[in-house]
Amino acid sequence: MQTNFTADQLADPHVAESEKILRKCVHCGFCTATCPTYVTLGNELDSPRGRIYLIKDMLENGRPADKEIVTHIDRCLSCLACMTTCPSGVNYMHLVDHARAHIEKTYRRPVANRLTRSLLAAVLPHRGRFRAALKLAKLGRPLAGAFDKVTALKPIAAMLRLAPASVPATSSLEKPGTHAPSAAKRGRVAILTGCAQPVLEPGINEATVSLLNRLGIEVVVPQGEGCCGALVHHMGREEAALVSARQNVDAWTREIAKGGLDAIVITASGCGTTIKDYGFMLRLDPAYAEKAARVSALAKDITEYLATLDLPEPVRKPGLTVAYHSACSMQHGQKITRQPKDLLARAGFVVKEPREGHLCCGSAGTYNIMQPEISARLCDRKVRNIEATGASLVATGNIGCITQIASAAKLPVVHTVKLLDWAYGGDKPAGL
Ligand code: SF4
Ligand code: SF4
């Protein structure tokens with residue numbers, strides 16, 4: 001694609017990067033066919049190609065964002081299916097991240113939208129606040145129907161509906177410490193404990209540590225690590241995302257210096273995509289660029305890491321039929337497609353792949369709160385495809401997808417690592 005940026009504009013490294021990306025797009029439109037919002041809404045401006053044109057126009061003309069571009073960029077799930085499909089290697093992720101940061105700086109959103117976004121940014125990345133909010137949401141749940149009647153309050157209704165009926169007890173894994181292997185030591189990793197996931201489902205990290213310890217891996221929960229920054233990053237709050245990124249880079253760098261790390265293990269693929277991008281996000285910060293690149297290189301999804309180990313025979317072969325839902329951040333963001341299915345099959349599960357596996361379930365961070373109608377349509381479509389497999393449960397590797405699919409599916413939805421932990425001698429996941 002031809003671009004017309006001035007030399008002054010290109011002196012801004014963010015614009016220069018976006019220009020490089022824009023020039024790669026050859027307008028072929030292949031990406032439209034796999035874009036969930038285009039497939040759902042049928043509007044070119046809700047397709048990757050349409051959004052790329054809108055972003056190009058805004059950046060080239062140095063214009064503040066307007067209502068039209070905000071509408072179509074807000075509808076983008078950042079699922080990155082377009083990047084998997086694109087034959088020209090267009091890095092839509094970095095382009096839309098730049099557009100979102102530009103929107104955040106130049107556009108004044110309507111007051112209800114602004115308040116909801118600020119609330120989410122202030123609560124979700126902090127475990128204590130999130131836990132308290134979930135307890136409050138439980139009380140407010142009966143009001144969801146009333147909030148649904150006012151367009152500006154629909155996100156509050158969506159939040160109330162997504163809140164679990166009960167909030168699990170706090171896990172001891174939230175405290176920093178070292179979890180020693182119970183077999184001969186053959187590795188050392190740090191685990192990202194994260195923010196929302198350990199509050200909603202502490203059993204995911206518990207199963208991970210238990211499985212890794214039995215396999216001879218020491219697991220460290222470093223002092224000072226926390227939210228990866230993805231939630232605010234996707235809202236265009238670049239500075240807040242970089243604060244989280246630097247904090248985590250510091251925490252893991254200290255651990256690397258102490259005892260070396262074979263990997264930084266991540267159990268939420270949404271976080272994995274962002275941490276693998278820290279090297280890019282902090283490339284312009286001379287104090288962090290190198291450390292961040294090292295951290296990104298060490299970041300591994302739990303299934304990616306397990307696939308590098310020489311695994312023993314499973315202790316039990318559950319023989320259940322599992323529909324494997326590949327989160328967008330897993331398949332498109334990190335290009336991890338084979339390992340989770342191979343590990344499940346090796347552990348004795350019969351793995352089925354639902355139709356339209358490339359399409360997002362509509363969770364996408366806070367998307368199911370901010371865009372509840374499109375999200376619900378995608379969720380219904382996903383659940384129909386999953387149920388058509390005839391499987392008796394769903395396995396997936398991202399807490400957002402677990403919450404979203406479980407809100408509509410009749411089958412239990414379980415994190416992949418909990419199934420693997422069970423097969424290799426751990427506890428049976430609750431609800432099976
Ligand atoms: S990230 Fe997903 S929703 Fe956004 S343009 Fe690409 S395919 Fe469409
Ligand atoms: S598939 Fe790639 S090159 Fe083609 S229009 Fe989409 S982003 Fe551009």
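Cut-off values and rules
Residues numbered from 1 in each chain as written. Chains lettered and ligands numbered in written order. Predicted model: local features only at pLDDT ≥ 70, side-chain atom pairs only at ≥ 80, totals over all residues. Heavy atoms only, no water. Buried < 20%, exposed > 50% of the residue type's maximum accessible area, 1.4 Å probe, protein only. Helix = DSSP H or I, 4+ residues; strand = E, 2+ residues; numbered from the N terminus. Pairing = 2+ DSSP bridges. Contact = heavy atoms within 4.5 Å. Near = heavy atom within 4 Å. Nonpolar A, V, L, I, M, F, W, Y, C, P; charged D, E, K, R; others polar. Axes fitted to C-alpha atoms, helices over the stretch in contact; angles between N-to-C directions. Core = buried A, V, L, I, M, F, W, Y, C linked by side-chain atoms within 4.5 Å. Polar contact = N/O pair within 3.5 Å; in protein donor to acceptor, adjacent residues only side chain to side chain. Expected span 1.5 Å × (residues − 1). Arc of directions from axis to C-beta. Salt bridge = Lys/Arg side-chain N within 4 Å of Asp/Glu carboxyl O.

Enquirer: Just checking my understanding: could you explain the pairing of strand β2 (residues 187–191) for this structure?
Expert: For β2, a buried count of 5 out of 5 residues is recorded, marking the element as mostly surrounded by other parts of the structure. Both faces of β2 are covered, namely the face carrying Gly187, Val189 and Ile191 and the face carrying Arg188 and Ala190. Pairing geometry for β2 and strand β3 (residues 217–221), over 4 bridges, is parallel. Paired with arginine 188 across the bridge in β3 is glutamate 218. Of the strand pairs in this sheet, β2 and strand β4 (residues 263–266) are connected by 3 bridges, and their pairing is parallel.

Enquirer: What is the right way to read the environment of alanine 81 from this model?
Expert: Assignment of secondary structure puts alanine 81 in helix α6 (residues 81–85). Using a relative accessible area of 1% as the deciding quantity, one classes alanine 81 as buried. Each C-alpha atom, one on alanine 81 and one on alanine 169, is 36 Å from the other, the two residues being 88 residues apart in sequence. Ignoring any residue separated from it by four or fewer positions in sequence, one finds alanine 81 in contact with Thr34, His332 and His358.

Enquirer: How should the site of ligand 2 be read in this particular structure?
Expert: Within the structure, ligand 2 sits among 13 residues, and Cys25, Cys28, Gly29, Cys31 and Cys86 are positioned closest to it. The residue inventory of the shell around ligand 2, partitioned by class, reads 9 nonpolar, 3 polar and 1 charged.

Enquirer: Explanation requested: the sheet that holds β2 in the structure shown.
Expert: The strands making up a sheet are joined through hydrogen bonds of the backbone, oriented either antiparallel or parallel. Spatial ordering of the open sheet is given by β1-β3-β2-β4-β5, a layout of 5 strands whose pairing is mixed. Looking at strand neighbours, the two that pair on one side only are β1 (177–179) and β5 (299–301), the edges of this open sheet. Across this sheet, the average inter-strand angle for adjacent strands is 35°, counted without regard to direction. Lying over the sheet, helix α13 (residues 203–214) contacts β1, β2, β3 and β4, oriented at roughly 145° with respect to β3.

Enquirer: Would you explain the environment of arginine 246 in this entry?
Expert: As for its placement among the helices and strands, arginine 246 is situated in helix α15 (residues 238–259). In this structure arginine 246 touches Glu239, Leu282, Asp285 and Tyr288, once residues within four positions along its chain are discounted.

Enquirer: What is the right way to look at the nonpolar core in this model?
Expert: The tendency in soluble globular proteins is for nonpolar side chains to be buried side by side. Counting residues in hydrophobic clusters, the biggest one holds 50 residues, and the most contacted among them are Leu306 and Leu419. For this core, the leading source of residues is helix α25 (residues 416–423), giving 5 residues. Setting aside residues no more than four positions away along its own chain, leucine 419 makes contact with Val322, Leu344, Phe349, Leu393, Ala395, Val414, Pro429 and Leu432. By size, the runner-up hydrophobic cluster in this structure holds 43 residues, among which are Leu192, Cys227, Cys271 and Met281.

Enquirer: Explain the side chain of aspartate 285 to me, please; I cannot follow it from the model alone.
Expert: Position of aspartate 285 relative to the elements: it lies in the loop between α17 (278–281) and α18 (289–298). Judged by its relative accessible area of 15%, aspartate 285 falls in the buried class. Looking at aspartate 285, its side chain comes within polar contact range of the main-chain nitrogen of alanine 287, at 3.0 Å.

Enquirer: What is the right way to read the sheet that holds strand β6 (residues 321–324) from this model?
Expert: Taken in spatial order, the 4 strands of this open sheet run β7-β6-β8-β9, and their pairing is parallel. Unpaired on one side and paired on the other, β7 (350–352) and β9 (413–415) mark the two borders of the sheet. Taking each pair of neighbouring strands and ignoring which way they run, the sheet shows an average axis angle of 35°. Relative to β7, β6 runs parallel, the two being bridged by 3 bridges.

Enquirer: Help me understand unusual backbone geometry, please; the structure alone is not making it clear to me.
Expert: The phi angle of most residues is negative, glycine excepted, and most peptide bonds adopt the trans form. One non-glycine residue, histidine 27, lies in positive phi territory at about 60°. Examined against the element boundaries, histidine 27 turns out to sit in the loop between α2 (13–24) and α3 (36–41). Notably, glutamate 356 is not glycine yet its phi reads approximately 55°, a positive angle. Tracing the chain through its elements places glutamate 356 in the loop between β7 and α22 (367–370).

Enquirer: Would you explain the environment of glycine 333 in this entry?
Expert: Here glycine 333 shows up in helix α20 (residues 328–333). Measuring from C-alpha to C-alpha, the distance between glycine 333 and tyrosine 278 comes to 13 Å, with 55 residues separating the pair along the chain.

Enquirer: I keep staring at the site of ligand 1 and nothing clicks. Help me out?
Expert: With respect to spatial proximity, 13 residues lie near ligand 1, and among them Cys35, Arg51, Cys76, Cys79 and Cys82 are the closest. Among the secondary structure elements, those contributing two or more residues to the shell around ligand 1 are α3, α4 (48–60) and α6. Of the residues in the shell around ligand 1, the class split is 10 nonpolar, 2 polar and 1 charged.

Enquirer: How do you make sense of helix α23 (residues 372–387) when you look at a structure like this?
Expert: Quick reminder: α-helices carry 3.6 residues per turn. Residues three or four places apart thus point the same way. Taking 1.5 Å of rise per residue, 16 residues should cover 22 Å, and α23 covers 22 Å from first to last C-alpha, within 8% of that figure. Three or more residues of α23 are buried, namely Ile374, Ser375, Leu378, Cys379, Lys382, Val383, Asn385 and Ile386. Looking down the long axis of α23, one finds its buried residues gathered within 160° of arc, a one-sided arrangement. Exposed side of α23, more than 90 degrees from the buried face: Glu373 and Arg384 are the residues found there. Tucked inside the fold, the buried residues of α23 contact α3, β6, α22, β8 (393–396) and α24 (399–406).

Enquirer: It is not clear to me how the pattern of salt bridges should be interpreted in this structure. Could you clarify?
Expert: Opposite charge on two side chains makes pairing possible when the charged atoms of those side chains draw close. For the structure on display, the rule yields 29 salt bridges. Between aspartate 66 and arginine 63 there is a salt bridge, with its nearest N and O atoms 3.7 Å apart. Given a relative accessible area of 32%, aspartate 66 falls into the partly exposed group. Residue glutamate 218 pairs with lysine 185 through a salt bridge whose shortest N-O separation is 3.5 Å. A residue pair is termed long-range when its members are at least 10 positions apart, and glutamate 218 in strand β3 and lysine 185 in the loop between β1 and β2 qualify at 33 residues. A residue is classified by how much of its surface remains accessible, and glutamate 218, at 14% relative accessible area, is buried.

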